[in-house]
Each structure stands twice: as structure tokens, then as C-alpha cells.
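Now for the letters of each chain:
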Amino acid sequence: QVQLVESGGGLVQAGGSLRLSCAASGRTFSTYIMGWFRQAPGKEREFVAAISRRGISTYYSDSVKGRFTISRDSGQNTVYLQMNSLKPEDTALYYCAADSKPFTTTQSMGVRLRYDYWGQGTQVTVSS
């Protein structure tokens, strides 16, 4: 089992940047595929980005591709989401998640139901 704690959210103007962090407990961090999801008020939780166990494969939603970068540091048991060129539509509660299942395809990392563990979320608000 793994516990996830997100940080780094806040209020930023459109065009600005934020870096989210997700600290994972336990010694098995490197065995999890890690993902970021977000949920805006009144909307379903949606996939943002994911990274494979060793960081070789990454996958992004079309809405953030080219603006966001996911990375992981196994020594720190932490996954990051660097968010640049932020837009008001990026405003949401951002969740970190861990998937213990074997890697199948890059695209499968975007499937919300694969993820077993979730953090509490960190709020990102982008003003226009």
C-alpha cells in the first residue's frame, strides 16, 4: 500500500507556471505507474499525465500536451507535474494517483480505473 500527499498548488495568473509534487510513502514507489488527474467543479475527474515505473514512458492528455511535463524521482519517492502556460481552464483540484498493475500500453496509463491509490488533491486556480 502507498500513501500519496500532493503539494504545490495555488493561485496563478494565466500564462504563469506551477510545479506540483506528490510524495509517496513506502519503499515500493518504483513499482507504481504514477499519474495526475484533475477535477473541476461540476465535471468528472479527468486524466492529465502519467509516467511509467522507470520514467521511460510518459503520456499526456491532448489538453495539456506541450505545456505540462511529468517526471519522477525514485530517490525522493516523488512525482512532479511542471505546468507552464497555464490557462483558466486548467483550474481544478489536482490529484496524484498510483497504479500497481503491470504496464501494458502507454495509452492505458490514462485510464482512471487502473489506479489503486489516490491523494487528497491540491487546488490549482488560474486567473484570467
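Residues numbered from 1 in each chain as written. Predicted model: local features only at pLDDT ≥ 70, side-chain atom pairs only at ≥ 80, totals over all residues. Heavy atoms only, no water.

Where do I start with the side chain of N77 in this structure?
Relative to the elements of secondary structure, N77 occurs in the loop between β7 (68-73) and β8 (78-83). Sequence-distant contacts of N77, defined by excluding residues within four places in its chain, comprise C22, A23, A24, G26 and F29. (Helix = DSSP H or I, 4+ residues; strand = E, 2+ residues; numbered from the N terminus. Contact = heavy atoms within 4.5 Å.)

Explain the state of the cysteines here, please?
Defined simply, a disulfide is a covalent bond joining two cysteines at their sulfur atoms. Scanning the model with the defined rule gives one disulfide in all. Here C22 is linked by a disulfide to C96, with a sulfur-sulfur distance of 2.1 Å. Taking the sign of the S-S torsion, -75° for the link of C22 and C96, the bridge is left-handed. In this pair, C22 is assigned in strand β3 (residues 18-24) and C96 in strand β9 (residues 92-99), connecting sequence segments 74 residues apart. Looking at C22, the relative accessible area reads 0%, which means it is buried. (Disulfide = S-S within 2.5 Å. Buried < 20%, exposed > 50% of the residue type's maximum accessible area, 1.4 Å probe, protein only.)

How should the sheet that holds β3 be read in this particular structure?
Adjacent strands of a sheet form backbone hydrogen bonds with each other and so pair up, either parallel or antiparallel. A sheet is described by the order of its strands in space; here four strands give the open sequence β1-β3-β8-β7, paired in antiparallel fashion. Strand pairing shows two members of the sheet lacking a second neighbour, β1 (4-7) and β7, which therefore form its edges. Strand-to-strand twist in this sheet, taken as the mean axis angle between neighbours without regard to direction, amounts to 15°. Strand direction decides the pairing type here: β1 and β3, joined by four bridges, are antiparallel. Directly across from V5, in β3, lies its bridge partner A23. (Pairing = 2+ DSSP bridges. Axes fitted to C-alpha atoms, helices over the stretch in contact; angles between N-to-C directions.)

Even after reading the chapter, I still don't get the nonpolar core, so can you show me in this structure?
Generally speaking, nonpolar side chains in soluble globular proteins are found buried as a group. Within the largest apolar cluster, 29 residues are counted, with the highest numbers of intra-cluster contacts made by M34, W36, V79, L81, M83 and Y94. Contributions of two or more residues to this core are made by β3, β4 (33-39), β5 (46-51), β7, β8, β9 and β11 (122-127). Apart from residues lying up to four places away in sequence, Y94 is in contact with E6, L20, W36, F37, R38, V48, F68, L81, M83, G121, T122 and V124. One finds I33, F37, A97 and M109 within the second-largest nonpolar core, a separate group that totals seven residues. (Core = buried A, V, L, I, M, F, W, Y, C linked by side-chain atoms within 4.5 Å.)

What's the story with the pattern of salt bridges in this structure? I'm lost.
Two side chains carrying opposite charge are able to pair once their charged atoms lie near each other. The full count for this structure, using the stated rule, is seven salt bridges. For E46, the salt bridge is made with R38, and the minimal N-O distance between the two is 2.6 Å. Assessed through its relative accessible area of 36%, E46 is described here as partly exposed. Of the charged contacts in the structure, one is a salt bridge between R67 and D90, with a shortest N-O distance of 2.8 Å. With R67 in the loop between β6 (58-60) and β7 and D90 in the loop between β8 and β9, this pair connects stretches of sequence that are 23 residues apart. Since its relative accessible area comes to 11%, R67 is described here as buried. Residue classification places D90 among the buried positions, given a relative accessible area of 1%. One network of salt bridges, in which partners are shared, links R38, E46, R67 and D90. (Salt bridge = Lys/Arg side-chain N within 4 Å of Asp/Glu carboxyl O.)

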